[in-house]
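Descriptive structure summary
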Amino acid sequence: MKTLKNTKIGKTVRVVKVHGEGAIRRRIMDMGITKGVEVTVRKVAPLGDPMELTVRGYELSLRKADADMVEIEVD
């Protein structure tokens with residue numbers, strides 16, 4: 001399974017599924033990361049956490065632990 005956590009800087013990917021349970025899954029989905037949406041990885045912090053993403057036209061920072069719950073497919 002490919003996840004958002006392992007996506008390289010500059011790549012655009014499509015979300016297949018958001019894993020996890022309860023409040024964590026709901027929070028990720030509330031940020032706009034839902035099935036079928038395209039996500040571009042803009043930057044990764046110097047120590048690797050968090051990642052800066054472009055989702056639905058806005059910038060979003062996401063922790064690597066949360067990014068690991070987002071299953072993706074590469075376009």
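Coordinates for the structure precede this section.
Being a predicted model, the structure only gives us computed values, none of them experimental.

Concerning the overall build of the chain
The helix and strand inventory of the chain stands at two helices and five strands. Moving toward the C terminus, one meets the helices and strands of the chain in the order β-α-β-β-β-α-β. Relative to its length of 75 residues, the chain is compact, with a C-alpha radius of gyration of 11 Å against a globular reference of 11 Å. By its C-alpha atoms, the chain is 30 × 25 × 25 Å across when sized along the principal axes. In the chain, once contacts between residues fewer than 6 apart in sequence are set aside, the share between residues at least 24 apart is 56%. As displayed, the chain offers around 4600 Å² of accessible surface, 51% of which is attributable to carbon and sulfur atoms. Within the chain, one finds 15 positive and 11 negative side-chain charges whose respective centroids are separated by 1 Å.

Looking at the side chain of Asp66
Tracing the backbone shows Asp66 in helix α2 (residues 64-67). When residues no more than four places from it in sequence are discounted, the contact partners of Asp66 are Ile24, Arg27 and Ile28.

Conventions we followed
- Each chain has its residues counted from 1, running along the sequence as written.
- For a predicted model such as this one, the threshold for reporting local features is a pLDDT of at least 70, and the threshold for listing and counting side-chain atom pairs is 80 or more; totals across whole chains, interfaces and linings nevertheless cover every residue.
- Hydrogens and water molecules were not included; the side-chain quantities draw on all heavy atoms of the structure.
- Only DSSP runs of H or I covering at least 4 residues are called helices, and only runs of E covering at least 2 are called strands; the numbering of each starts at the N terminus.
- For this measure, only C-alpha atoms enter the radius of gyration; the expected value for a globule follows 2.2 Å times N^0.38, where N is the number of residues.
- The contact rule is simple, with two residues in contact once any of their heavy atoms fall within 4.5 Å.
- Surface accessibility follows the Shrake-Rupley procedure with a 1.4 Å probe radius. Residue values consider only the protein chains on display as shielding.
- In summary, the charge assignment counts Lys and Arg as positive and Asp and Glu as negative, without counting His or the chain termini.
- One atom stands in for each charge, and that atom is NZ of Lys, CZ of Arg, CG of Asp or CD of Glu.

Honestly, that's just the spatial picture; any functional story needs more than this.
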